[in-house]
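Here is what each chain is made of, one letter per residue.
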Amino acid sequence: GSWDSCTSTTSHNCAHSEDVHLNCVPEADMFTIVNENGNDGHGRGLLLYRGQTVCDDGFSDNSAIAICGLMGYDGFDSWSNGQLFDLQTSLEIGLDNVECSSGSWDSCSYLTTHNCGHHEDVH
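Residue numbers here run from 1 along each chain, matching the order of that chain's written sequence. Given that the model is predicted, a residue must reach a pLDDT of at least 70 before its local features are reported, and side-chain atom pairs must reach 80 or more before they are shown or counted; all residues, however, enter totals for whole chains, interfaces and linings. Excluding hydrogens and water, the side-chain figures rest on all heavy atoms present in the structure.

### Examining the side chain of N35
For clarity, the threshold we go by: Put simply, DSSP H or I for four residues or longer makes a helix, DSSP E for two residues or longer makes a strand, and each gets a number counted from the N terminus. Side-chain atoms alone can form a polar contact between residues adjacent in sequence; in general such a contact is a pair of N or O atoms within 3.5 Å, and within protein one must be able to donate a hydrogen while the other accepts it. Contact between two residues is taken to exist if any of their heavy atoms lie within 4.5 Å; hydrogens are not considered.
Structurally, N35 is set in the loop between β1 (31-34) and β2 (46-49). Within the local environment of N35, its side chain forms a polar contact with the backbone nitrogen of N37, the two atoms lying 2.9 Å apart. Excluding its chain neighbours within four sequence positions, the residues that come into contact with N35 are D40, G41, F85 and L87.

If you want it as structure tokens, here you go:
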């Protein structure tokens, strides 16, 4: 959704007992980074999307900035491919062609199908 689809009014007939209390779940949980043992990589290691690997096709610095931002990081210092952790062979490849025109996830397009091997997984 977007704010464009919403209506509101600045006048009201409400009491504070009708105030909305909201608990949001961050989207950052869709991406995680794990070390070679599958544990939290603390920002360094294998990039996972909902527990599946991310292929490097189309991946760029903008992709890295956007994903790191979703995870609460200010940026990134490098990304690579070609590394192979033993755990990768037991994982599916979940994203391909992650192409971002800026450092915002809203600018990204991607596929949930792939034509990749694990040697193309983003680290």
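### Looking at the side chain of D96
To keep things clear, this is the line we draw: For every residue, the accessible area obtained with a 1.4 Å probe (protein chains only) is divided by the maximum for its type, and the residue is called buried under 20%, exposed over 50%, and partly exposed between those limits. In this tally, Lys and Arg are treated as positive and Asp and Glu as negative; His is ignored, and so are the chain termini. What counts as a salt bridge is simple: a side-chain nitrogen of Lys or Arg found within 4 Å of a carboxyl oxygen of Asp or Glu.
Mapped onto the fold, D96 is located in strand β4 (residues 93-100). Of the side chains with opposite charge, R50 comes closest to the buried, unpaired D96, at an N-O distance of 16 Å. Setting aside anything within four residues of it in sequence, one finds D96 in contact with C55, D57, Y110, L111, T113, H114, N115 and C116.

### Points about the confidence of the model for the chain
Spelled out, the test is: pLDDT measures how confident the predictor is about each residue, on a scale from 0 to 100.
A residue-level look at the chain finds 92% of positions with pLDDT of 70 or above and a mean pLDDT of 88. Across the chain, element-level confidence peaks in β4 with a mean pLDDT of 96 and bottoms out in β1 with 92.

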